[in-house]
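A closer look at the structure
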Amino acid sequence: MVFKRRQPLGWLAWMREMVYPKGGFKRATRYVIHRMSRLPDDPHRIARGVFAGFLIGFLPLPGLQFVAAWAAARLVRGNLLAALLGTFNTNPLTTPFFAVFAMTFGHWIMGVQEPLTAEAIGGAFAHAGGDLWRNMVAIFTPETMHWGGLIRFWHEIYVPYFIGALLPGIVISAIAYYLTIPIVMTYQKARAAKADDRRERRHRLKLAVSEAKNRLLHRTEKDGESRVLGDDSSTGAK
């Protein structure tokens, strides 16, 4: 199993691993690359899956990344497991920096004049969260629903973030696509060469065992003939 651990992680350990892997980001990256290389599929299909997973990993789709990666992999006819592994290109430490860059870039593309500061982002989240809570309460009470904070969040935060992440995500995902093909091809060739070497060694071992068995049988037959001749000679002498 690709995702199975010998010792399952608890919730706290899982959250710690998501923020900072135990072996560091370098080891985690090598692990993901190693898992992708071992996938039994055509290198181009694996690369298309990596492209889909990388792109989805950059987009603001909280809680929906695996589903979106699966759909994107089906759309581009890529490997599904490679797409799921590709979504791990972001983590809670790097995402805030990329989010600020993506929102800034998205504001520039859309021509939004609102200043992108920590206070503005926090205020947009606070107003959107407040509207969500009031609207949920309004379902069961006579209170009036409010949508101003959610609309502001949509236009000033989410849409600029999505657009600003889409273009860089496509570029980085395309680079990952072209890097994946030679990596997977090289690994699969090396693995095939090792498998051929193991088969050849097993074949030579079987031949050696067969020859040793034949020599032993031949020696046993000769010893049996010698004993028979010896018994015949003894009987004749009597």
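Since we're looking at a predicted model, the values are computed, not measured.

1. Details of unusual backbone geometry
Phi is mostly negative for residues that are not glycine, and the peptide bonds are mostly trans. At Arg77, a position not held by glycine, the phi torsion is positive, near 60 degrees. With respect to the helices and strands, Arg77 occurs in the loop between helix H4 (65–76) and helix H5 (80–86). Arg77 sits in the exposed class, given a relative accessible area of 65%.

2. A word on helix H7 (residues 118–140)
Between its first and last C-alpha, H7 extends 34 Å over 23 residues, near the 33 Å set by a 1.5 Å rise per residue. Among the residues of H7, Ile121, Gly123, Ala124, Ala128, Asp131, Asn135 and Ala138 are the ones counted as buried.

3. Some words on the pattern of salt bridges
Per the stated rule, a full pass over the model turns up 3 salt bridges. Across the pair Arg134 and Asp131 runs a salt bridge, and its minimum N-O distance is 2.6 Å. In this pair, Arg134 and Asp131 are both assigned in helix H7, 3 residues apart and thus about one turn of the helix distant. Between Glu200 and Arg204 there is a salt bridge whose closest N-O contact spans 3.6 Å.

4. Side note on the side chain of Thr180
Following the sequence through the fold, Thr180 ends up in helix H8 (residues 148–237). Judged by relative accessible area, which is 9%, Thr180 ranks as buried. With sequence-adjacent residues up to four places away left out, Thr180 is seen in contact with Ile46, Ala47 and Val50.

5. Thoughts on the packing of helix H3 (residues 43–58) against H4
Close contact between H3 and H4 brings their axes to 9 Å; oriented N to C, the two are set at 145 degrees. The chirality of how H3 crosses H4 is right-handed. In this structure, H3 contributes Arg48, Ala52, Ile56 and Gly57 to the contact, and H4 contributes Gln65, Ala68, Ala69, Ala72, Ala73 and Val76. In terms of residue class, the contact of H3 with H4 is built from 7 nonpolar, 2 polar and 1 charged.

6. Regarding the packing of aromatic side chains
All told, the structure shown has 10 aromatic pairs when counted by the stated rule. Both rings, one in Phe54 and one in Phe58, keep their centres 6.5 Å apart while their planes meet at 65 degrees; by these two values the pair is edge-to-face. Remark: Phe58 and Phe54 occur in helix H3; sequence separation between them is 4 residues, near one turn of the helix. Centroid distance Phe66 to Phe88: 6.1 Å. Interplanar angle 75 degrees. Geometry classified as edge-to-face.

7. Considering a positive patch on the surface
There is a patch of like positive charges on the surface, built from Arg191, Lys194, Arg198, Arg202 and Lys206. Along the polypeptide, Lys206 turns up in helix H8.

8. Here we look at a nonpolar patch on the surface
A cluster of nonpolar side chains, namely Trp108, Ile109, Met110, Leu167 and Ile170, defines an oily patch on the protein surface of about 490 Å² accessible area. When residues of the nonpolar patch are traced back to their parent elements, those giving at least two are helix H6 (95–110) and H8. Mapped onto the elements of the fold, Leu167 is located in helix H8. Under the relative-accessibility criterion, Leu167 is labelled partly exposed at 44%.

9. Some remarks on the nonpolar core
If you look at the biggest cluster of nonpolar residues, it comprises 23 residues, and the most contacted ones within it are Ile56, Phe98, Met103, Ile157, Tyr161 and Ala165. Listed by contribution, the elements that provide at least two residues to this core are H3, H4, H5, H6, H7 and H8. Broken down by element, the residue count for this core peaks at 5 residues, all from H8. Those residues within four positions of Ile157 in sequence are excluded, and the remaining contacts are Met103, Ile121, Ala124, Phe125 and Arg152. Ile46, Val50, Ala82 and Val184 belong to the second largest nonpolar core, which has 5 residues in total.

10. Considering the side chain of Ser173
Mapping Ser173 onto the fold places it in helix H8. On the basis of relative accessible area, Ser173 is assigned to the buried category, the value being 0%. For Ser173, the side chain forms a polar contact with the main-chain oxygen of Gly169, separated by 2.6 Å. Beyond its immediate stretch of four places on either side in the chain, Ser173 contacts Phe51, Phe54, Leu55 and Phe58.

11. Brief notes about H6
Look at H6: 22 Å from first C-alpha to last across 16 residues, which is about the 22 Å you get at 1.5 Å a residue. Considered for burial, the residues of H6 that qualify are Phe98, Ala99, Ala102, Met103, Gly106 and His107. With its buried residues spanning 170 degrees around the axis, H6 presents them on a single face. Opposite the buried face of H6, at more than 90 degrees from it, the exposed residues are Phe97 and Trp108. Phi turns positive one or two residues past the end of H6, at Gly111, with a value near 75 degrees.

Calculation notes
- Residues numbered from 1 in each chain as written.
- Predicted model: local features only at pLDDT ≥ 70, side-chain atom pairs only at ≥ 80, totals over all residues.
- Heavy atoms only, no water.
- Helix = DSSP H or I, 4+ residues; strand = E, 2+ residues; numbered from the N terminus.
- Buried < 20%, exposed > 50% of the residue type's maximum accessible area, 1.4 Å probe, protein only.
- Expected span 1.5 Å × (residues − 1).
- Salt bridge = Lys/Arg side-chain N within 4 Å of Asp/Glu carboxyl O.
- Contact = heavy atoms within 4.5 Å.
- Axes fitted to C-alpha atoms, helices over the stretch in contact; angles between N-to-C directions.
- Left-handed = near helix turned anticlockwise from the far one by under 90°.
- Nonpolar A, V, L, I, M, F, W, Y, C, P; charged D, E, K, R; others polar.
- Phe/Tyr/Trp six-rings, centres within 6.5 Å; stacked < 30°, edge-to-face > 60°.
- Patch = residues over 30% accessible without salt bridge, like charges linked within 9 Å, V, L, I, M, F, W, Y side chains within 5 Å.
- Areas by Shrake-Rupley, 256 points an atom, 1.4 Å probe, with all protein chains shown as cover.
- Lys, Arg positive; Asp, Glu negative; His and termini not counted.
- Charge placed at Lys NZ, Arg CZ, Asp CG, Glu CD.
- Core = buried A, V, L, I, M, F, W, Y, C linked by side-chain atoms within 4.5 Å.
- Polar contact = N/O pair within 3.5 Å; in protein donor to acceptor, adjacent residues only side chain to side chain.
- Arc of directions from axis to C-beta.

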